[in-house]
Amino acid sequence: MRKRRKRLRIDRIIYVFAIFAFIVFLIIFGIKSLLNLRIYNSIKNKGSVRLFKQTVNVWKKTETYVNDKLDEVTITYGKNSVTMDSNYFKNGLNIKLNVYKKNIDEPLFDNVKSLYIDKNELLEKSSKLKVKLPRFLYKHENVDVYGIRNKKEIVLLAPKVKVENKYIDFKTNSNYDTYFITYIPGKSISSGNNINIRVGEKRDLNIKVNPSNSTYRDLKYKYDKKMVSLNGDIVTGKKAGKTTIHVYSTIDDISKDIDITIKKKVKEVVKEEKKEEVKETGLYEKDGITYVDGIMIVNKTYSLPKTYNPGGLTDEFMDAFYEMQSAASLDGISLFVASGFRSYEYQVDLYNTYVKRDGKEAADTYSARPGYSEHQTGLAADINAADSSFEDTPEAIWLDKNCYKYGFVIRFPKGKEAYTGYTYEPWHLRYVGKDIAKKIHDAGGISLEEYYNFTSTYKD
Ligand SMILES: [Zn+2]
């Protein structure tokens, strides 16, 4: 009797345990199925997939379905979503998206608060990102999206992105380690002061919004149309007297009054026509660096000291680049810096690699020797892609036509190897300032060497 009762208890324990194990199995299986069903269903409708964990566990069936039927899949993570090629939609993709708020510790950004997004496997493979903005950003109509390369090179990827119902969309780019989304308020307007002109005379007002990377740099003007006319920033005197041009932003709370004095026309108007002629060499040297007309010259004849290191692309380069990038984006052209500043030491490695591969003679036609690279100036960069595939792309055509307006020249123009010492590089831009860039452009796309009449050849 006693023995039988004991056996019964053991049976019962096993029985209860089996049921318990089965229930646990059902719960896990059920949750997984529900998650996958939800993923599966939403993808079928081309909607988005909502994830509850950091890792997507997808059934083979779902994965096959996605890869067979769709080009792109959108994955929602928390409030944000990422769009990627369906080929990347694989088992166990790490999808943790690191989004956080931080101040931008860069002089030009003045510690403005931003939303940072760190790159990970998911973002690297994505093509588009949709981000929910915090209040300090979504209260603006537009925000800027920046990318950070090599931990320090900051590039404006998408200017003035429209905020729609607290969200923005932007295209991702695998060149960047981190993105940040921000709004840079305009703090002041600067311009040339005390403008004195004669009736019929034109003058550039040189109006700028500070800081130069403000999200809104477009301004409005109020002025007396009887006294002056305005075409962009160029004022023309119409009637003798004094007047004021009121410049203001409709977005940021900034404005400026520019006083203009207009004098009567002088009778004999000196004609300042005639195209600029190619000048005599006016090269001069300072601290081992060669200059002409105030611009630094580096080519195969003139090198930089080993120690010359501006630490990155200079502010004047970046300011001009941002301005050009914004203008290009309005024409549907996306520009970014593919290779910017290179130190002397970096060029040593690069050049030696090429010499090893192709020999010294061949390497000299496309790569600069250490100290002889314009990339060491911090005033030159390769845009988008530094190879022949860039030629004839809409970006290359746009740069060729417009870069001078922002102070850049295509440093190694087509068919100018005899002067520059380098084959055609439609991607290599050099900042020389707007005045000089325009003069060179107007002279018919010639090289700096021709314009200032100096050589570019190695001594040996
Ligand atoms: Zn280059």
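A. Inspection of the environment of Ile-75 at higher detail. Within the secondary structure, Ile-75 sits in strand β3 (residues 72–77). Taking the relative accessible area as the measure of exposure, Ile-75 reaches 1% and is therefore buried.

B. The arrangement of helix α8 (residues 394–402) in detail. Among all positions in α8, only Glu-395, Ala-396, Trp-398, Leu-399 and Asn-402 are buried. Angularly, the buried residues of α8 cover 160° about the axis, an arc narrow enough to put them on a single face. Turned more than 90 degrees from where α8 packs its buried face, Pro-394, Ile-397 and Lys-401 sit exposed. Summarising the contacts, the buried residues of α8 are in contact with α5 (315–330), β26 (380–383), β27 (408–412) and β28 (425–431).

C. Geometry of the nonpolar core. Judged by nonpolar contacts, the single largest core of 69 residues is most densely connected at Ile-181, Phe-321, Met-324 and Phe-408. Those residues in contact with Phe-408 that sit more than four places away from it in its chain are Phe-317, Ala-320, Phe-321, Met-324, Cys-403, Leu-429, Arg-430, Tyr-431 and Ala-437. Listed in part, the 17 residues of the second largest apolar core include Ile-207, Val-209, Ile-260 and Ile-262.

D. Here's a closer look at the sheet that holds strand β19 (residues 234–237). What the three strands build is an open sheet, ordered β15-β19-β18; its pairing is antiparallel. Either end of the sheet is taken by a strand with one partner, and the two such strands are β15 (202–204) and β18 (228–231). Going across the sheet, the axis of each strand differs from the next one's by a mean of 25°, ignoring polarity.

E. The arrangement of the environment of Lys-202 in detail. As for its position among the elements, Lys-202 is in strand β15. Lys-202 sits in the exposed class, given a relative accessible area of 60%. Distance from Lys-202 to Ile-234, taken between C-alpha atoms, is 6.4 Å for residues 32 residues apart in sequence. If sequence neighbours within four positions are ignored, Lys-202 has contacts with Ile-234, Val-235 and Thr-236.

F. Local environment of the sheet that holds strand β14 (residues 195–198). If you walk across this open sheet you meet the four strands as β14-β21-β20-β17, and the pairing is mixed. Edge positions in the sheet fall to β14 and β17 (220–222), since each has one partner strand and no second. Ignoring which end each strand starts from, the neighbouring axes of this sheet average 30° apart. Both β14 and strand β21 (residues 255–263) contribute to a ladder of four bridges, which runs parallel. By the bridge assignment, Ile-197 is partnered in β21 with Ile-262.

G. Looking closely at the confidence of the model for the protein chain. Scored by pLDDT, the protein chain has a mean of 84; 85% of the residues are at 70 or more. Throughout residues 268–279 the model reports pLDDT below 50, and contacts reaching past four residues in sequence, or to other chains, amount to eleven contacts.

H. The arrangement of unusual backbone geometry in detail. Cis geometry is found at the peptide bond from Asn-210 to Pro-211, where omega equals -5°. Position of Pro-211 among the secondary structure elements: in the loop between β16 (208–210) and β17. Positive phi values are uncommon outside glycine, yet Asn-111 reaches one of about 60°. Residue placement: Asn-111 occurs in the loop between β6 (98–103) and β7 (113–118). Judged by its relative accessible area of 45%, Asn-111 is partly exposed. Of note in this structure, Asp-392 is not a glycine but carries a positive phi near 70°.

I. Just a positive patch on the surface, in detail. Together, Lys-101, Lys-113, Arg-135 and Lys-139 make up a positively charged patch on the protein surface. With respect to the element layout, Lys-113 can be found in strand β7. A relative accessible area of 41% places Lys-113 in the partly exposed class.

J. Seen up close, the pairing of β7. Where β6 and β7 come together, six bridges link them in antiparallel fashion. When the bridges of β7 are listed, Tyr-100 appears paired with Tyr-116. Both β7 and strand β12 (residues 178–182) contribute to a ladder of four bridges, which runs antiparallel. When the sheet's bridge partners are listed, Ile-117 is paired in β12 with Tyr-179.

K. The packing of aromatic side chains, seen in detail. Counted under the stated rule, the structure contains 19 aromatic pairs. Between Tyr-116 and Phe-180, the aromatic rings sit 5.3 Å apart at their centres with planes inclined by 25°, giving stacked as the arrangement. A residue pair is termed long-range when its members are at least 10 positions apart, and Tyr-116 in strand β7 and Phe-180 in strand β12 qualify at 64 residues. Here the aromatic rings of Tyr-146 and Tyr-322 are separated by 5.9 Å at their centres, their planes lie at 85°, and the arrangement is edge-to-face. Here Tyr-322 lies in helix α5 and Tyr-146 lies in strand β9 (residues 142–149), a separation of 176 residues in the sequence. By relative accessible area, which is 3% here, Tyr-322 ends up buried.

L. Region of the structure containing α5. Under the 1.5 Å per step criterion, the end-to-end length of α5 is 23 Å for 16 residues, consistent within 8% with the ideal 22 Å. Among the residues of α5, those classed as buried are Phe-317, Met-318, Ala-320, Phe-321, Tyr-322, Met-324, Gln-325, Ser-326, Ala-327 and Ala-328. Of the residues flanking the end of α5, it is Gly-332, one or two places downstream, whose phi is positive at about 75°.

M. Quick look at the pattern of salt bridges. What the rule picks out here adds up to 13 salt bridges. Salt-bridge contacts for Arg-342 lead to Asp-382; the nearest nitrogen and oxygen are separated by 3.0 Å. In this pair, Arg-342 sits in the loop between β25 (337–339) and α6 (344–358) while Asp-382 sits in strand β26, placing the two residues 40 residues apart along the sequence. For Arg-411, the salt bridge identified is with Glu-374, shortest N-O distance 2.8 Å. Of the two residues, Arg-411 is situated in strand β27 and Glu-374 in the loop between α7 (360–366) and β26; the sequence distance between them amounts to 37 residues. Through salt bridges with shared partners, a single network forms among Glu-374, Arg-411, Arg-430 and Glu-449.

Conventions adopted
- Residues numbered from 1 in each chain as written.
- Predicted model: local features only at pLDDT ≥ 70, side-chain atom pairs only at ≥ 80, totals over all residues.
- Heavy atoms only, no water.
- Helix = DSSP H or I, 4+ residues; strand = E, 2+ residues; numbered from the N terminus.
- Buried < 20%, exposed > 50% of the residue type's maximum accessible area, 1.4 Å probe, protein only.
- Arc of directions from axis to C-beta.
- Contact = heavy atoms within 4.5 Å.
- Core = buried A, V, L, I, M, F, W, Y, C linked by side-chain atoms within 4.5 Å.
- Pairing = 2+ DSSP bridges.
- Axes fitted to C-alpha atoms, helices over the stretch in contact; angles between N-to-C directions.
- pLDDT = per-residue confidence, 0-100.
- Patch = residues over 30% accessible without salt bridge, like charges linked within 9 Å, V, L, I, M, F, W, Y side chains within 5 Å.
- Areas by Shrake-Rupley, 256 points an atom, 1.4 Å probe, with all protein chains shown as cover.
- Salt bridge = Lys/Arg side-chain N within 4 Å of Asp/Glu carboxyl O.
- Lys, Arg positive; Asp, Glu negative; His and termini not counted.
- Charge placed at Lys NZ, Arg CZ, Asp CG, Glu CD.
- Phe/Tyr/Trp six-rings, centres within 6.5 Å; stacked < 30°, edge-to-face > 60°.
- Expected span 1.5 Å × (residues − 1).

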